[in-house]
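# An overview of the molecular structure
Here is what each chain is made of, one letter per residue.
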Amino acid sequence: ELEIGPGLIFKISGARRIVFNAIVRLEGGPGTARIVMTSIHDPDHGGVTSASAPAAGNWIGLEFYRDASEVEHLLLRYAGSGGVPAIELFDADVTFCDCRIEHCAGIAIDANGNSSPRLKNTVLEDVGGDPLGGITWAVLGNMMGTQYLGSIGARATVIDSPVVVGDLRIDK
């Protein structure tokens, strides 16, 4: 099990991703104590580290391969390089609580295989593709307080099976 605590800033560039092949706990705190994963070009977090401006797709993103991972107070920015989703789940049931995923190219969170993500009070803003991919109707009940804001690519999220429960808010 890996634990990453509050206040850490990861600045990433190019065709790089962070892969979690273990149970992981990313437990940031509110405000400045949150965990930030962003582009090397992002001057808003960790100071100026590049003369270039940040852009959607500056780095690949995150991959999860294990169930029971928990992500709290994460700010993920400028991921999705090469059309890869900002966050990919592979047979992984990951809980995202009080997170924000913004300014990403492509899908924000993609659930592959038997993945059932849980999002609570999570904001997906200004993503270049679908906010969520591979999500079934049954999983929508796990999306309490989740918001989609700003530009959300060309089409709505594709839903694959039959029941919806809970809150789902979509703003344009």
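Sequence order as written defines the numbering, with residues in each chain counted from 1. The predicted nature of this model means local features are confined to residues of pLDDT at least 70 and side-chain atom pairs, given and counted, to a pLDDT of 80 or more, with totals for whole chains, interfaces and linings taken over all residues. Hydrogens and water molecules were not included; the side-chain quantities draw on all heavy atoms of the structure.

### What to know about the pairing of strand 4 (residues 24-27)
Paired strands are those between which DSSP finds at least two bridges. Comment: elements are numbered from the N terminus, with helices defined as DSSP H or I runs of at least four residues and strands as E runs of at least two. Of the pairings in the sheet, the one linking strand 1 (residues 2-4) to strand 4 comprises three bridges and is parallel in character. Residue pairing in the sheet places Glu-3 in a bridge with Arg-25 of strand 4. As judged from the three bridges shared by strand 4 and strand 7 (residues 69-72), these two strands associate in the parallel manner. Bridged to Leu-26 within strand 7 is Val-71.

### Remarks on the sheet that holds strand 9 (residues 87-90)
If you walk across this open sheet you meet the five strands as 3-6-9-12-15, and the pairing is parallel. Edge positions in the sheet fall to strand 3 (14-20) and strand 15 (132-133), since each has one partner strand and no second. Relative to strand 6 (residues 59-64), strand 3 runs parallel, the two sharing five bridges. Across the sheet, Val-19 pairs through a bridge with Glu-63, a residue of strand 6.

### Looking at the pattern of salt bridges
In what follows, salt bridge is the name for a side-chain nitrogen of Lys or Arg lying within 4 Å of a carboxyl oxygen of Asp or Glu. In the structure shown here, the tally under the stated rule is six salt bridges. Linking Arg-17 and Glu-63 is a salt bridge whose minimum nitrogen-to-oxygen distance equals 2.4 Å. You can see Arg-17 sitting in strand 3 and its partner Glu-63 sitting in strand 6, a full 46 residues away along the chain. Working definition: with a 1.4 Å probe on protein chains only, accessible area under 20% of the residue-type maximum means buried, over 50% means exposed, and in between means partly exposed. Assessed through its relative accessible area of 7%, Glu-63 is described here as buried.

### With respect to the sheet that holds strand 7
Strand order in the open sheet formed by five strands is 1-4-7-10-13, and the pairing between neighbours is parallel. In this open sheet, the two edge strands, each paired with only one partner strand, are strand 1 and strand 13 (118-120). Here the average twist between neighbouring strands, direction ignored, is 10 degrees. Under this scheme, a helix contributes an axis fitted over its contacting stretch, all axes are lines through C-alpha atoms, and angles between N-to-C directions fall in the 0 to 180 degree range.

### Quick notes on the confidence of the model for the protein
Across the protein, the average pLDDT comes to 83, with 85% of residues at 70 or higher. Mean pLDDT across the secondary structure elements of the protein bottoms out at strand 17 (residues 169-170), with 41, and peaks at strand 8 (residues 74-77), with 96. Per-residue confidence from the prediction method is given by pLDDT, with values spanning 0 to 100. Two residues qualify as a contact provided that any one of their heavy atoms is within 4.5 Å of a heavy atom in the partner residue. Here residues 154-172 is modelled with pLDDT under 50, and outside its nearest four sequence neighbours on either side it reaches 44 contacts, counting other chains as well.

### Focus on the nonpolar core
Core analysis: the largest hydrophobic core is formed by 35 residues, its most contacted members being Leu-62, Phe-64, Leu-76, Phe-96 and Ile-109. Looking at this core, the element that brings in the most residues is strand 6, giving three residues. Setting aside anything within four residues of it in sequence, one finds Phe-96 in contact with Phe-64, Val-71, Ile-87, Leu-89, Ile-109, Arg-118, Leu-119, Lys-120 and Thr-122. Among the buried residues, those of types Ala, Val, Leu, Ile, Met, Phe, Trp, Tyr and Cys that are joined through side-chain atoms within 4.5 Å form a nonpolar core.

### Remarks on the environment of Ala-53
By the secondary structure assignment, Ala-53 is in the loop between strand 5 (35-39) and strand 6. Taking the C-alpha atoms as reference, Ala-53 lies 8.2 Å from Pro-43; in sequence the two are ten residues apart. With sequence-adjacent residues up to four places away left out, Ala-53 is seen in contact with His-41 and Asn-58.

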